[in-house]
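# Close look at the chain arrangement
Listed below, chain by chain, are the residues.
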Amino acid sequence: MSTTPRVLGGRYEVAELIGRGGMADVYLGRDTRLGRQVAIKMLRSDLARDPSFLTRFRREAQSAAGLNHPSIVAIFDSGEDEVTDPQGGRHTVPYIVMEHVDGQTLRERLSEQHRLSPAEAVTVTEGVLDALAYSHRMGIVHRDIKPANVMITSTGAVKVMDFGIARAIADTAATMTQTHSVVGTAQYLSPEQAQGQPVDARSDLYSTGCLLFELLTGRTPFTGDSAVAIAYQHVGEAPQPPSVWSDAVGGDLDAVTLHALAKDRDARYQDAAAFRADLESVRLGRPISAAALGAAAALGAVPTQTMPAAYASAGTPTAVHPAVGRHAGNTAGLPAVGHEVQEREPRGGGRRAVLITLLVLAILALAGWGGVRWFASQTPVVVQVAVPSLKGMQQTQAESALRQQKLQGKVTQAANEAQPGTVVDQSPTAGVQVPQNSTVQFTVSTGPDAVAIPDVTGFNEADARKAVEAAGLAVSSIQQVNDPGQDKGKVVATKPPARQTVAKGTAVVLDVATGKVQVPDLVGSDWAVVANKLDQLRLTYKKQDVPSADKSSGTVLQMSDVNKVVDFGTQIVVKVAQTPPPTPPTVTATVTQPPAPPTTTATTAPVTPPATPPAASATTR
């Protein structure tokens, strides 16, 4: 017995389940209007009532909808479906209609093969960087690059997907403070993500470096018993070169990978194009950038530009490296040796000279190839050193002690009872073994007279005032702000900001939420964007579909209370364009008339009137 398939938006038939993630399920589907196969991603029903998951899911549709690139899984449509739970309650479940990709994820590929060949790893990473170069140009940072979010199609093409936690570059600074948690996957977090700092396009490049490392070695750069332990290593420990874990990896690929994994974002690749250019140079046997070679040398890797021939793509010329002679790479450029010698030597001497020249070139080329193989097979030694004890030292002494151990130092300041300039804390702690050139963070006291402004975000006004005054500061004024980040009457922020070190007695301004927000004018935007924005503003909404022939489906036509300041929870009526159903074709009925009876024509001979008799003429005589 057949059942009627579930149809979303009056258009998309839902078929079997083909994938499952932590936030959503993916179904095979069919677009009945265009007659094509699609993938339908639906938020899991158990998460549909959680505002944070709803916001994240809608953000994915918003972030990826404007991206149109061969290396990014395309988003065709989005919408919301109303379902009934087992208790009889009704709630909204959003869905995204995506391009259906016939293939497997990189995670599945790695599960089957453990690791990829260097040539294949380079090619796949180039595809990921193509997608990131485009998304970064469009102002979107992915923030969750990992094998599970990269698809390899049946034809070998690379597709990046899942922009669920992507952010516009201009909006990334607010990410951590709003959620108070680290977003992303621990094994692929950039140091700035792990520390809760604002992210940018270079954070994606660090994650791509982690991805490349795993493709080459079968393991991530850092492993640990918990996400916190792994995040700590991203921040404070230097990665080992991939060649430590795989003999197939040469020095040039070590250098590119380590350059992408630089802790300081200013020291790593600055854009996806530069990263991809070095990978292409590795693949084709060309010299890589000086910056990548310098990054490898700083971490103790072999700074060679030599590349095993196995990396080269099919059809590309074999790279010929220095020390094999001036003309070793191309004999076509040699002078016509035979003709020159023929004038000076007896017959046959020219032939011998050519043979000797070729033999010498062959020996030099063989020697060069052997040297290439030997240097590429050498495993670089990573020197471990003990972190010195810095507590109690002055800042200059601490920096000198780190230099002696060939370690880097990063200083932060904090108010403390210790004398100004004295080190009061460090990470890692003394005695821990770390690779040379690792970064050690240490805290220097600013003295007892300086205090840090307490973080009173979320406090009510009275409690915030007490905390500020207890720190030796004074509350100068209260400013009411329309901010959805906190409930009414709660502190949104302070001026100066929290944790800033200031002199005792400094006046502090408290920004307190009014419980109100201003309704933005989003007419003309896509419905998914508007719904996401209203969620962030803590407003409810009522969607009204309005047939529209001149606006694309999903475009917002009208909103209530635009530019007004309203209370949290106010319902905003949003009128959204909906493509009207196609008008049924007009049927013209043709009625066939029965044939007319034959017409009978009667022919009548003309009647000639009788002749008028002549008038009688009477004559009287």
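As the structure is a computational prediction, the values presented were derived from the model and not from experiment. (Residues numbered from 1 in each chain as written. Predicted model: local features only at pLDDT ≥ 70, side-chain atom pairs only at ≥ 80, totals over all residues. Heavy atoms only, no water.)

## Details of the overall build of the protein chain
Each helix and strand in the protein chain was counted, giving 15 helices and 26 strands. When each of the 621 residues of the protein chain is scored for burial, the buried share is 40%. Per element, the accessible surface of the protein chain, about 32800 Å² overall, is 53% carbon and sulfur. (Helix = DSSP H or I, 4+ residues; strand = E, 2+ residues; numbered from the N terminus. Buried < 20%, exposed > 50% of the residue type's maximum accessible area, 1.4 Å probe, protein only. Areas by Shrake-Rupley, 256 points an atom, 1.4 Å probe, with all protein chains shown as cover.)

## Notes on helix 9 (residues 272-284)
Compared with an ideal rise of 1.5 Å per residue, which puts 13 residues at 18 Å, helix 9 spans 18 Å between its outermost C-alpha atoms and is within 8% of the ideal. For helix 9, every residue scored as buried is listed here: Ala272, Phe275, Asp278, Leu279, Ser281, Val282, Arg283 and Leu284. Between the side-chain oxygen of the N-cap and the backbone nitrogen of alanine 273 there are 3.2 Å, and the N-cap of helix 9 in question is aspartate 271. (Expected span 1.5 Å × (residues − 1). Polar contact = N/O pair within 3.5 Å; in protein donor to acceptor, adjacent residues only side chain to side chain.)

## Regarding the sheet that holds strand 16 (residues 439-445)
Sheet architecture is open: three strands sit in the order 13-16-14, paired in mixed fashion. Edge strands, defined here as strands with exactly one partner in the open sheet, are strand 13 (408-414) and strand 14 (423-427). Direction aside, the axes of adjacent strands within the sheet are offset by 25° on average. Relative to strand 16, strand 13 is paired through seven bridges, and the arrangement is parallel. Opposite glutamine 408, over in strand 16, you have threonine 439 as the bridge partner. Sheet strands in contact with helix 13 (residues 395-404) are strand 13, strand 14 and strand 16, and its direction is about 170° off that of strand 16. (Pairing = 2+ DSSP bridges. Axes fitted to C-alpha atoms, helices over the stretch in contact; angles between N-to-C directions. Contact = heavy atoms within 4.5 Å.)

## Side note on helix 8 (residues 251-260)
The buried count for helix 8 comes to 10 of 10 residues, which makes it a mostly enclosed element. Within the span of helix 8, buried status applies to Gly251, Asp252, Leu253, Asp254, Ala255, Val256, Thr257, Leu258, His259 and Ala260.

## A few points about the packing of helix 3 (residues 118-137) against helix 9
It is the contact of helix 3 with helix 9, at a shortest axis distance of 9 Å, that shows an interaxial angle of 160°. The angle between helix 3 and helix 9 places the two elements in the roughly antiparallel class. Two packed elements cross with a definite hand, and for helix 3 against helix 9 that hand is left-handed. From helix 3, Val122, Thr123, Thr125, Glu126, Leu129, Asp130, Leu132 and Ala133 reach across to helix 9, where they touch Ala272, Phe275, Arg276, Leu279, Glu280 and Arg283. Class assignment for the residues of the contact of helix 3 with helix 9 results in seven nonpolar, two polar and five charged. (Parallel < 35°, antiparallel > 145°, perpendicular 65-115°, else oblique. Left-handed = near helix turned anticlockwise from the far one by under 90°. Nonpolar A, V, L, I, M, F, W, Y, C, P; charged D, E, K, R; others polar.)

## With respect to the nonpolar core
As a rule of thumb, nonpolar side chains are buried together in soluble globular proteins. Ranked by size, the top nonpolar core spans 39 residues in total, and within it Leu106, Val128, Leu215, Phe275 and Leu279 carry the most contacts. Listing elements by their share of this core, those giving two or more residues are helix 2 (106-113), helix 3, strand 9 (150-153), strand 10 (158-160), helix 6 (201-217), helix 8, helix 9 and helix 10 (290-298). If you tally residues by element for this core, the top one is helix 3, at nine residues. In this structure valine 128 touches Ile145, Val150, Val158, Val160, Thr208 and Leu211, once residues within four positions along its chain are discounted. (Core = buried A, V, L, I, M, F, W, Y, C linked by side-chain atoms within 4.5 Å.)

## Considerations on the sheet that holds strand 23 (residues 540-547)
With respect to topology, three strands assemble into an open sheet ordered 23-26-24, the strand pairing being mixed. At either end of the open sheet lies a strand with only one pairing partner, and these are strand 23 and strand 24 (556-559). On average, each strand axis in the sheet is tilted by 25° relative to the strand beside it, whichever way the strands run.

## Considering the packing of aromatic side chains
This model, assessed by the stated rule, comprises two aromatic pairs. With a centroid separation of 4.7 Å and an interplanar angle of 5°, the aromatic rings of tyrosine 269 and phenylalanine 275 are classed as stacked. Taking relative accessible area as the criterion, phenylalanine 275 reaches 0% and is therefore assigned buried. Relative to tyrosine 541, the ring of tryptophan 527 has its centre 5.3 Å away and its plane inclined at 85°; by these criteria the two rings are edge-to-face. Taken together, the residues tryptophan 527 in helix 15 (residues 527-536) and tyrosine 541 in strand 23 connect sequence positions 14 residues apart. For tryptophan 527, a relative accessible area of 7% corresponds to the buried category. Here arginine 36 stacks its cationic end above the ring of phenylalanine 76, 3.8 Å away from the centre of that ring. The ring of tryptophan 245 carries arginine 219 above its face, with NZ or CZ at 3.9 Å from the centroid. (Phe/Tyr/Trp six-rings, centres within 6.5 Å; stacked < 30°, edge-to-face > 60°. Lys NZ or Arg CZ within 6 Å of the ring centre and 35° of its normal.)

## Some remarks on the side chain of aspartate 31
Along the chain, the position of aspartate 31 falls in strand 3 (residues 24-31). Judged by its relative accessible area of 0%, aspartate 31 falls in the buried class. From its side chain, aspartate 31 meets the backbone nitrogen of leucine 34 in a polar contact 3.3 Å long. Those residues in contact with aspartate 31 that sit more than four places away from it in its chain are Arg11, Tyr12, Arg36 and Val38.

## Focus on the pattern of salt bridges
With the rule as written, the count across this model stands at 21 salt bridges. The salt bridge partner of aspartate 200 is arginine 202, with a shortest N-O separation of 2.7 Å. Of the two residues, aspartate 200 and arginine 202, neither departs from the other in class, the shared state being buried. Because the salt bridges share partners, they merge into one network encompassing Glu126, Asp130, Arg276, Glu280 and Arg283. (Salt bridge = Lys/Arg side-chain N within 4 Å of Asp/Glu carboxyl O.)

## Re unusual backbone geometry
The omega angle of the peptide bond from serine 427 to proline 428 is 0°, so this bond is cis rather than trans. Omega for the bond connecting lysine 495 with proline 496 falls within 30 degrees of zero, at -5°, which places this linkage in the cis form. Mapped onto the elements of the fold, proline 496 is located in the loop between strand 19 (491-495) and strand 20 (501-503). Phi is positive for histidine 114, which is not a glycine, with a value near 70°. With respect to the helices and strands, histidine 114 occurs in the loop between helix 2 and helix 3. Residue histidine 114 is classed as partly exposed on the basis of its relative accessible area of 48%. Phi at aspartate 561 is positive, roughly 60°, even though this residue is not glycine.

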